[in-house]
Amino acid sequence: LERAFRKAQAVDVEALCIVAGKRVWSIRCDVTLLDDRGNAADAACTAALGALLHFRLPAVSIVGSGSEAAVKVLPPEQAEPTKLVFHHMPVSTTLGLFRPAGGGGGGG
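Residues numbered from 1 in each chain as written. Predicted model: local features only at pLDDT ≥ 70, side-chain atom pairs only at ≥ 80, totals over all residues. Heavy atoms only, no water.

## Quick look at the overall build of the protein chain
Helix and strand content of the protein chain: two helices and six strands. Beginning at the N terminus, the succession of helices and strands in the protein chain can be written as α-β-β-α-β-β-β-β. Taking 108 residues into account, the globule formula puts the C-alpha radius of gyration at 13 Å, and the protein chain, at 21 Å, lies well above it. On the principal axes, the C-alpha backbone points of the protein chain span a range of 75 × 25 × 20 Å. (Helix = DSSP H or I, 4+ residues; strand = E, 2+ residues; numbered from the N terminus. Rg over C-alpha atoms; globule rule 2.2 N^0.38 Å.)

Given below as structure tokens:
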């Protein structure tokens, strides 16, 4: 999952910056598998994508500047939370190749 989202640069990490060099949002997405029928990676990627698309960052108020900047998280009633910015949507796909059932070749 980490490769699908962070290393593929799917989420705009610049948008997670609150105060340059000082404060940044950290996002963590845990996926728990209850059963695995062979496509666990695909299901986990789809679940994580759905959760991240639904997630909203709280609005903040910044008082001061530089090293003296103070950050206050605003309640949703006071300011509209914002969506995560995606550069692209990662989609995980599993492919399978099957041999013909009769073993009778047909050449090729």
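## Some thoughts on the nonpolar core
By size, the foremost hydrophobic cluster in this structure holds eleven residues: Phe-5, Ala-10, Val-11, Leu-16, Cys-45, Ala-48, Leu-49, Leu-52, Leu-57, Leu-84 and Phe-86. Here this core gets four residues from one element, more than from any other, and that element is helix H2 (residues 40-54). (Core = buried A, V, L, I, M, F, W, Y, C linked by side-chain atoms within 4.5 Å. Buried < 20%, exposed > 50% of the residue type's maximum accessible area, 1.4 Å probe, protein only.)

## Digging into the pattern of salt bridges
Within the structure shown, the criterion is met by two salt bridges. Salt-bridge contacts for Arg-6 lead to Glu-2; the nearest nitrogen and oxygen are separated by 2.0 Å. Taken together, the residues Arg-6 and Glu-2, both in helix H1 (residues 2-7) and four residues apart, mark about one turn of the helix. According to the relative accessible area criterion, Arg-6 is exposed, its value standing at 55%. One salt bridge in this structure joins Arg-28 and Asp-30, with 3.1 Å as the shortest N-O distance. The two residues Arg-28 and Asp-30 agree in class, both being exposed. (Salt bridge = Lys/Arg side-chain N within 4 Å of Asp/Glu carboxyl O.)

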